[in-house]
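Okay, here's what each chain looks like letter by letter:
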Amino acid sequence: SILRCLTAAGCDVKVVPATTSAAEILAYHPDGIFLANGPGDPAATAAYAKKEITQLLTKNIPIFGICIGHQLLALAFGGTTVKMSKGHRGANHPVRDLNTGRIEITSQNHGFALSSEALPEKMVEVTHLNLNDRTVAALQHRHQPVFGIQYHPEASPGPHDADHHFGRSVALRADRRGRGG
């Protein structure tokens with residue numbers, strides 16, 4: 001579903017394995033980078049991916065992460081993740097956009113959360129909170145076109161309240177191209 005959403009938003013998508021180096025990704029001259037969802041402990045994935053993501057962050061290329069992609073961004077920013085006692089599974093998880101007050105009804109499937117205390121506030125802003133337990137549901141970099149969301153806007157069986165994040169990702173790329181980036 002993520003690939004369908006990205007192509008519907010006007011993206012020309014090139015899929016690479018999670019172990020692809022930053023240099024290999026940059027050789028494609030991407031307008032933007034998407035960090036996909038996936039299973040497992042984000043800290044274990046960060047053992048090989050954090051260095052590469054950190055290198056990508058230095059290039060001022062728009063980056064959008066979902067689920068573990070969101071968690072990997074937070075780890076690259078210097079944050080930490082924690083194992084949840086129950087996790088978030090299924091549809092109908094209310095998430096509040098802290099900037100607009102809008103509530104999105106989301107689908108979620110994760111067993112780890114970000115530790116909001118460990119996020120570097122000068123670099124990262126929490127933009128959305130899960131209203132069930134106040135865990136971080138989304139964040140953005142304060143100075144770069146980078147954001148991540150914990151939930152699944154591509155989930156098809158339920159509400160489509162969060163579909164707009166794909167358009168947001170495309171708008172960041174268009175803005176970057178307009179500035180000669």
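Quick note: structure is the one above.
Residues numbered from 1 in each chain as written. Predicted model: local features only at pLDDT ≥ 70, side-chain atom pairs only at ≥ 80, totals over all residues. Heavy atoms only, no water.

### Some words on the packing of helix 3 (residues 42-57) against helix 4 (residues 68-76)
Two packed helices can be described by the angle between their axes and the distance between those axes. Selection criterion: Axis definition: a line fit to C-alpha positions, over the contact stretch in the case of helices; interaxial angles, taken between N-to-C directions, run 0 to 180 degrees. Numbering goes from the N terminus for both helices and strands, where a helix is a DSSP run of H or I of at least four residues and a strand is a run of E of at least two. An angle counts as roughly parallel when it lies under 35 degrees, as roughly antiparallel when it exceeds 145, as roughly perpendicular when it falls between 65 and 115, and as oblique in every other case. If you view the pair so one helix is near and one far, a crossing is left-handed when the near helix is turned anticlockwise from the far one by less than a right angle, and right-handed when it is turned clockwise. Whether two residues are in contact is decided by their heavy atoms, any of which lying within 4.5 Å being enough. The nonpolar class holds Ala, Val, Leu, Ile, Met, Phe, Trp, Tyr, Cys and Pro. Asp, Glu, Lys and Arg form the charged class, and all remaining residues, Gly among them, are polar.
Two numbers describe how helix 3 lies on helix 4: the axes approach to 8 Å, and their chain directions differ by 65°. Regarding the angle of helix 3 to helix 4, the classification is roughly perpendicular. Read as a crossing pair, helix 3 and helix 4 show a hand that is right-handed. Of the residues in helix 4, those touching helix 3 at Pro42, Ala43, Thr45, Ala46, Lys50, Ile53, Thr54 and Leu57 are Ile68, Gln71, Leu72, Leu73, Leu75 and Ala76. Its residues placed into classes, the contact of helix 3 with helix 4 shows ten nonpolar, three polar and one charged.

### A few points about the side chain of Glu125
What counts is decided by this rule: Accessibility here uses a 1.4 Å probe with only protein chains present; expressed as a share of the type maximum, an area under 20% marks a residue as buried, one over 50% as exposed, and anything in between as partly exposed. Counted as positive: Lys and Arg. Counted as negative: Asp and Glu, with His and the chain ends omitted from the count. Note on definitions: salt bridges are taken to be side-chain nitrogens of Lys or Arg within 4 Å of carboxyl oxygens of Asp or Glu.
By the secondary structure assignment, Glu125 is in strand 5 (residues 124-130). Of the buried charged residues, Glu125 lacks a salt bridge, with Arg142 as the closest side chain of opposite charge at 4.2 Å. Not counting chain neighbours up to four residues away, the residues in contact with Glu125 comprise Asn99, Ala138, Leu139, Gln140 and Arg142.

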